[in-house]
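So the chains spell out like this:
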Amino acid sequence: PGSVFKIFTAATAIEENLITKNSSFGCHYTMTVAGRTYHCHKAGGHGVQTLMQSISNSCNPAFITIGQLIGVNKFSKYFEAFGLTTKTGIDLPGEASPYYHKESDMGPVELASSSFGQTFNITPLQMISLAAASVNGGYLVQPHLVEKVIDADNKVVSVTSTGYKRQVLSETTSSVMREMLEYVVQNGAKNGIVAGYRVGGKTGTSQKMAKILETGNKRLYIGSYVGIAPIDD
């Protein structure tokens, strides 16, 4: 998923009372974990920044640090709670399965990479479900394609349930996430601004690993964006 997944890492750490929106993180451009060196997208790094600034800046070293605070056990626990280990079960055929690091196989490098959205695959539907749960009070909703079925006489035959699977975050955490994702649009992803609406969002860039391995071209990317509107409802 790339950096859109930083929504997950931030929400998990806030829910576990490991950080607040005002916690500080240092970024000095590079960061080494178990012999693997990671780079920030900003040459020279971002210096000291709050969590609000870190997610707006989409700073990888900051989120690697947050991932280390969470740890493998809690990271895996929330990954499952957010429904990322299974298909969403949407009423459509052909839904793809995720590919991810199981807890028993996750070392410090896998944790570091996963914390900013690399080295695993989830579907856009899973990412939408995750983003919705982060801002709607913490509820993982069962996605559906069809809202209701109407017959030829315009009578409602059936209405799809709007129930949720479980609550994965508190309303307190969800409130902080709404504030932070609105901050991202106002200060970082400004192309996401929609006139007349309060909106939130998060950008992401991920590598097309299968194509990179197939072609040898390392400059193949997916640019993505998760938008939430209106952020206050």
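Conventions used here
- Residues numbered from 1 in each chain as written.
- Predicted model: local features only at pLDDT ≥ 70, side-chain atom pairs only at ≥ 80, totals over all residues.
- Heavy atoms only, no water.
- Helix = DSSP H or I, 4+ residues; strand = E, 2+ residues; numbered from the N terminus.
- Rg over C-alpha atoms; globule rule 2.2 N^0.38 Å.
- Buried < 20%, exposed > 50% of the residue type's maximum accessible area, 1.4 Å probe, protein only.
- Pairing = 2+ DSSP bridges.
- Patch = residues over 30% accessible without salt bridge, like charges linked within 9 Å, V, L, I, M, F, W, Y side chains within 5 Å.
- Areas by Shrake-Rupley, 256 points an atom, 1.4 Å probe, with all protein chains shown as cover.
- Salt bridge = Lys/Arg side-chain N within 4 Å of Asp/Glu carboxyl O.
- Polar contact = N/O pair within 3.5 Å; in protein donor to acceptor, adjacent residues only side chain to side chain.
- Contact = heavy atoms within 4.5 Å.

Novice: Break down the overall build of the protein chain for me, with residues and values.
Specialist: When helices and strands are tallied, the protein chain shows seven helices and 10 strands. For 233 residues, the compact-globule estimate of 2.2 N^0.38 gives 17 Å, and the C-alpha radius of gyration of the protein chain, at 18 Å, lies within 12% of that figure. Principal-axis analysis of the C-alpha atoms gives the protein chain an extent of 65 × 40 × 35 Å. Within the span of the protein chain, comprising 233 residues, buried residues form 43% of the whole.

Novice: Tell me about the pairing of strand β1 (residues 24-27), residues and numbers included.
Specialist: A regular strand places its side chains on the two faces of the sheet in alternate fashion. Judged by which residues are buried, β1 turns out to be one-sided: F25 and C27 face inward and are buried, whereas S24 and G26, on the alternate face, are not. Two elements, β1 and strand β4 (residues 47-50), share four bridges in a ladder whose sense is antiparallel. Considered in β4, the bridge of S24 is made with T50.

Novice: Outline a nonpolar patch on the surface, supporting the account with residue identities and numerical values.
Specialist: Side chains of L92, L145, V146, V149 and V157 sit close together on the surface and give an oily, nonpolar patch of about 420 Å² of accessible area. By secondary structure assignment, the location of V149 is in strand β6 (residues 148-150).

Novice: An account of the side chain of T9 is needed here, citing residue identities and associated values.
Specialist: Its location among the elements puts T9 in helix α1 (residues 6-15). In this structure the side chain of T9 is engaged in a polar contact, spanning 2.7 Å, whose partner is the backbone oxygen of S115. If near-sequence neighbours (up to four positions away) are discounted, T9 is found in contact with F63, I66, G67, I70, F75 and S115.

Novice: I'd like a description of unusual backbone geometry, backed by residues and values.
Specialist: With an omega of -15°, the peptide bond running from A229 to P230 counts as cis. For P230, the location among the structural elements is in the segment after β10 (221-228). Notably, S58 is not glycine yet its phi reads approximately 50°, a positive angle. Tracing the backbone shows S58 in the loop between α2 (51-57) and α3 (60-81). Of note in this structure, N154 is not a glycine but carries a positive phi near 70°.

Novice: Now, about the pattern of salt bridges: what can you tell me, with residues and values included?
Specialist: Considering all chains together, one arrives at five salt bridges under this definition. Close ionic contact of E171 with R178 constitutes a salt bridge, the shortest N to O distance being 2.6 Å. Among the ionic pairs, D232 bridges to R198, the shortest N-O distance being 3.9 Å. Of this pair, D232 sits in the segment after β10 while R198 sits in the loop between α6 (171-187) and β9 (200-207), and the two are 34 residues apart along the sequence. Taking relative accessible area as the criterion, R198 reaches 44% and is therefore assigned partly exposed.

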